[in-house]
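# Architecture at a glance
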Amino acid sequence: MGSKRKRTPKEAQNDTAAAQQPTQKRSKKEGSATTEPATTNGLTAIKSKPPKITLFVEHPTGEDRKREAELYDQLGREDESERIQAAHTIISSLLSGDGVDEPILRRHLEKRLFRGLASGRNASRLGFSLVLTEILGQLFGKEDLASNKYTGLNFDEVKKILVKSTTPFGNLAGQEERNHWFGQLFGMECFVRSGILFQDQKKWGEILGLLLELSMKKSWLKTQCGYVIVQAIAQMGKKMAEETLAKLAEEGFAKTPEGVGIWITALDRFPDMKVPSQPWRNPLAGNSLASLPAALKDSGREQMGDDGGKKPKAGNWTAQLHFVWDLILEHFAKAGQKSEGEASEQFEQFWNRVVDEGFFSKNSSDSQKFSGFMIFQKMLEGALNCEFIIKTLFSKNLMACLMNQVAKEDRYLHRAAIKALKALEAAAQHNPTWLPTILKGLFGKHGAYNFDQRTNTKTIDKLLQHTTSDTIKPVLKALQLRDPSKSRLDLEQYYQALGNYLLRLSSALSEEQYAKESNKRGVAQKAIKVLAELAYSNKAVPEKVRETLRTRATSAFAKLTSRSDAFGDLCDAILSIETEVDPDDELALTVLPRAFERLKELLDNDKTTKETEGPRQALALLFAVGILQFYNQDPDVMDMFDELEECYEKLVGEGDKEEGGISEFLVEVLLAMVARPSALMRQVSRQVFEAFTPLMSVEAIKLLTDPLTADENAKGQQALFSTEDEDMMDAEAGSDDESEIEDDAALDSDVEMANLQDTGSDAGDSVDENNSEDNEGSDEEGDEAEKENQETLDALDKALSEALGTHRLDQDADAESDDGSDMTDSEMMAVDEKLAEIFRHRTKVTSKKKENKDAKETVINFKHRVLDLLGIFIKKEATQANPLVFEAVLPLLNLIRTTTAKPLANKAHEAIQNLSKGIRKARSDDKTPDIEGSEHYEMLGRLHEEAAKDPSHAFTKAVSTCCLTVASLMCNDDDDAAENDMSSVFKLYAETQLKWFRGEVKIQASFFLDWLNWCQAHANATASAAVATKKEEK
């Protein structure tokens, strides 16, 4: 850069003063314009009336320089709108109307615009290029201002200004030198974009020479120079293009990635143009594919030409993909639009010979393989509607490298391979119609049918999530190989993998997605039918795998039943199963056809009314599950069919009413289902129970709540499930009374301790205190278990000491001295028998404890399942003011008080909260439970009695919630009966409080505090309503 004149202090002071003035306030003697031209989308010259005053003068003052600096600073900002506005201002000020004088324009070209290209600040090159392109277009284009007005600024002169302003000199730092070379490159690109070079071969020849010379300066400039030439090829005529290619071939530029891009662009533009015979006529032709990989791999080494001279040095390897691949992709995409068959054949040859064998061969470097993965991603992202390109990508070497690199995280190209797989997923999501093609590529001869297992990924699972109703058939076809041996897996492995894929398809959508994405609703239905056929009807499936497939089918059915409107899909899948029944099994030949008949009748829309639609669908679901269990050879399925038959007769009105209603039979069936460790059974039981909640009776609720009272130990398990013969249980009970009593005491210790703590705590006890009690209870339980274990170990030590005649080291003082005599053989045999007896007893005790622990967990899990059903009933029917919801209150409170499992107590408490919320909602909708006041009072009295049974915070909170719910129903109306009920409520609370005061009962003070708070809220609401009524009357 040239030297600058030093500014005097006076000028600096003037500049400072000018900078403090608003830009709008400019003195007239400075000759500055006070208005700016309107901003437009283009950069054409403004054709309005030429301004009389220009922004730029030949001899600028300090303020003029400041204003110019601000304008050019705006031209280099990152905000595009600001750059465009500044560009319009500069161009219109320099060239609109008569334009500025030549010295002014020269000064701006030399000192501002071309020099600005060498600046690396923000977006300076973009902004300055914008202005230069327009100025060059007006100087040497249609306006030809260089010939008419600015004769001193001819083409050669402007080119010299560019070279002089952007050529680094002296000892510059590396970044400054880089900025200068890039500035020169941008300047030459301005000449190309202005469109002024292609009417005169001489002008283009000079710029081409500069580009070739610049490409030899630095290897990292070569790609950019090549791209500028590609831009030029797109604008020039046929003859000029032929001369350009000849010049490039002569300079050895052809066999480079840039040269390939230039040749492709020229041949696409002029297919019949004359091309130099050397080094190739068409780089994508079949006879050129042998030498094309070497040109595209861009090894970065100097290569020797045919004449012994050095070819241009290739650019160093970078993580950015070369622009030539965009041109190649565009070429094949255009060819596919003309003739897809021919384009597919050409692309397959190109891909296999150039990419697969060139970038993924065993001899390829890691950088070349990395580039290969980027090329793979480029093709996936830019293939648009060219499915033939997608089909060809899964070539031999690429797939081998991809699976190898992605399998383990320590592989060098692992992250690149993962990105390639993510590009596959993105392509399937963007265009779901490609999914079958992608699956065929991954499963094909170069891939692996168990791709996810081979690569330790979930690629196939994620791809299957993008299956739609339009693509499910070809996807299923891609998954089901006609010849399983083509999977290169054992038959068992193939069917296991297929079962996993079908399970993924049948359970890919959640309930929310199922409701939102209507284009995917048919996927699960078709997939589950294929899975059911595979698990139950296909004879080719090995017997070892059949059980696994049936488990997959059961899981798929469970997922399907989680959607309330998908019961029909499950029933259709069950009906589609065709399997052989043993002809000698008369029972199966009778029961199974009847079950199918009932299922079809329940699905018959002609026999369904609006009231019976829900129960009929739910019962049909039960029959479908029963049929499935029959196929799974469940030993209890016959009893289930008998009970379902009773339910069916009750539903259609054919059953005996004296034997009870449909709800009692249904509850027994559902309780048997939830007791099984099956997600399908639990899900179906919930869905069926929800449909039948309006039909529940008092007897049915009692059947449902009775299991909640069972002891959480082996006896409770026996009472619930009848796991063993009663005589055997009595015998075991007689022999192990002491151990069972100890276990029962340990299991019930929490409840007893809770009854003894904090009986006199006041209303100020907080939730933190409650939590601390829970923690203390768990600590005590752990201490009790540790104490029991220590006692067991002490007993074992004592038995061993007696058998061996030894003692522990800490008992030396009390031990008798040993005479050291040896034991006889008979004595040793006796000791062996004693030791065997001790360890047999030890094993028996340990086994019994494990059985008791397992029994406790079984009972608690079963109670959880029952609470799920009870919670459904309460949540749904409380909002309808169904009086039967109060039948569940006392059993729930009893469970909270007696259970040793805190999660179970929390779930019961949640059900009580839902009951209270549901009743409030029903009252807001003017619905009230149909219960007499005396029944309410009796229930409230029983609740007060319950409150005195356990003074713990959690239990008191639950009882108080129930009491307030009942009290709100009794204190709601204004008639005489309601007045009596209200008095009864207050009297009952007063009596209970008096008993508490006298110490006759132990109740938390918060029980009465909740009542007072409720009365206060009711009083405030009544007062507000009275005030509102008076205002309305006035």
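Residues numbered from 1 in each chain as written. Predicted model: local features only at pLDDT ≥ 70, side-chain atom pairs only at ≥ 80, totals over all residues. Heavy atoms only, no water.

A few words on the overall build of the protein. From N to C terminus, the protein includes 46 helices and 0 strands. Relative to its full complement of 1034 residues, the protein shows a buried share of 46%. Here the analysis covers contacts within the protein between residues at least 6 apart in sequence; of these, 71% occur between residues at least 24 apart. (Helix = DSSP H or I, 4+ residues; strand = E, 2+ residues; numbered from the N terminus. Buried < 20%, exposed > 50% of the residue type's maximum accessible area, 1.4 Å probe, protein only. Contact = heavy atoms within 4.5 Å.)

Moving on, we get to the nonpolar core. The biggest cluster of nonpolar side chains holds 270 residues, and the ones touching the most others in it are W204, W325 and F350. Sorting elements by how many residues they give to this core places helix α30 (residues 613–631) first, with 12 residues. Aside from chain neighbours lying at most four places away, what touches W204 is V192, L197, F198, L211, A232, M236, M240 and T244. (Core = buried A, V, L, I, M, F, W, Y, C linked by side-chain atoms within 4.5 Å.)

Take the packing of aromatic side chains next. In this description, a pair of aromatic rings is defined by centroid distance and the angle of the planes. Applying the stated rule across the entire model yields 28 aromatic pairs. Taking the centre distance of 5.3 Å and the plane angle of 70 degrees together, the rings of Y227 and F323 count as edge-to-face. You can see Y227 sitting in helix α10 (residues 222–233) and its partner F323 sitting in the loop between α13 (292–297) and α14 (324–338), a full 96 residues away along the chain. Residue classification places Y227 among the partly exposed residues on the basis of a relative accessible area of 39%. By relative accessible area, which is 11% here, F323 ends up buried. Through a chain of ring-to-ring contacts, three or more aromatic side chains come together here, namely W325, F332, F347, F350, W351, F359 and F388. Residue placement shows R178 over the ring face of W220; its charged tip is 4.5 Å from the ring centre. Seen from the ring of F253, K222 lies directly overhead, with NZ or CZ sitting 5.8 Å from the centre. (Phe/Tyr/Trp six-rings, centres within 6.5 Å; stacked < 30°, edge-to-face > 60°. Lys NZ or Arg CZ within 6 Å of the ring centre and 35° of its normal.)

Bringing the side chain of H414 into the picture now. The topology assignment puts H414 in helix α19 (residues 414–430). Apart from the residues lying within four places of it in its own chain, the contact partners of H414 are Q405, V406, K408 and E409.

Taken residue by residue, the protein gives an average pLDDT of 77. The fraction at 70 or more is 78%. Confidence over residues 299–315 falls short of pLDDT 50; this stretch has 24 contacts with residues more than four positions distant or in other chains. This model gives residues 723–782 a pLDDT under 50, and the stretch forms 59 contacts once residues within four places in sequence are excluded. (pLDDT = per-residue confidence, 0-100.)

Note on pairing: side chains with opposite charge can pair once their charged atoms come close. Tallied over the entire structure, the rule returns 28 salt bridges. Between K238 and D272 there is a salt bridge; the shortest N-O distance is 3.3 Å. Placement of K238 in helix α11 (residues 238–250) and of D272 in the loop between α12 (257–269) and α13 is noted, with a sequence separation of 34 residues between them. A salt bridge links R676 to D634, with the shortest nitrogen-to-oxygen separation between them at 2.2 Å. With R676 in the loop between α32 (662–674) and α33 (679–692) and D634 in the loop between α30 and α31 (637–652), this pair connects stretches of sequence that are 42 residues apart. (Salt bridge = Lys/Arg side-chain N within 4 Å of Asp/Glu carboxyl O.)

On to unusual backbone geometry. Unlike most non-glycine residues, N456 shows phi in positive territory, near 55 degrees. When you line up the elements, N456 lands in the loop between α21 (451–455) and α22 (459–464). For D926, which is not glycine, the phi dihedral falls at a positive 60 degrees.

Turning to the state of the cysteines, a few remarks are in order. Considering all chains together, one arrives at 0 disulfides under this definition. A disulfide-free cysteine, C1015 has its sulfur positioned 7.5 Å from the sulfur of C971, the nearest such atom. (Disulfide = S-S within 2.5 Å.)

A contiguous patch of positive charge on the surface is contributed by R415, K419, K422, K458 and K462. Among the elements that take part in the positive patch, α19 stands out by supplying 3 residues, more than any other. Mapping K458 onto the fold places it in the loop between α21 and α22. Residue classification places K458 among the exposed residues on the basis of a relative accessible area of 57%. (Patch = residues over 30% accessible without salt bridge, like charges linked within 9 Å, V, L, I, M, F, W, Y side chains within 5 Å. Areas by Shrake-Rupley, 256 points an atom, 1.4 Å probe, with all protein chains shown as cover. Lys, Arg positive; Asp, Glu negative; His and termini not counted. Charge placed at Lys NZ, Arg CZ, Asp CG, Glu CD.)

Let us now look at the packing of α32 against α33. At a minimum axis distance of 9 Å, the contact between α32 and α33 shows a crossing angle of 160 degrees. Viewed along their axes, α32 and α33 adopt a mutual orientation that is roughly antiparallel. Handedness of the α32/α33 crossing: left-handed. Across from I662, L666, L670, M673 and V674 in α32, the residues of α33 making contact are M681, V684, S685, V688, F689 and F692. Within the contact of α32 with α33, the residues separate by chemical class into 10 nonpolar, 1 polar and no charged. (Axes fitted to C-alpha atoms, helices over the stretch in contact; angles between N-to-C directions. Parallel < 35°, antiparallel > 145°, perpendicular 65-115°, else oblique. Left-handed = near helix turned anticlockwise from the far one by under 90°. Nonpolar A, V, L, I, M, F, W, Y, C, P; charged D, E, K, R; others polar.)

Looking now at a negative patch on the surface. The grouping of D930, E932, E935 and E938 at the surface amounts to a negative patch. Tracing the backbone through its elements, the reader meets D930 in the loop between α42 (902–924) and α43 (933–947). According to the relative accessible area criterion, D930 is exposed, its value standing at 69%.

This part covers the side chain of E258. One can find E258 in helix α12. Beyond its immediate sequence surroundings of up to four residues, E258 is in contact with K222, T223, G226, F253, H322 and F323.

For the rest of this paragraph, the subject is the packing of helix α24 (residues 491–506) against helix α27 (residues 543–561). The geometry of α24 relative to α27 is characterised by a closest axis approach of 10 Å and an angle of 5 degrees between their N-to-C directions. Looking at the two axes, α24 sits roughly parallel to α27. Mapping the contact onto sequence places E492, Y495, Q496, G499, N500, L503 and S506 in α24 and K544, V545, L549, R552, S555 and A556 in α27. A class-by-class count of the residues in the contact of α24 with α27 yields 5 nonpolar, 5 polar and 3 charged.

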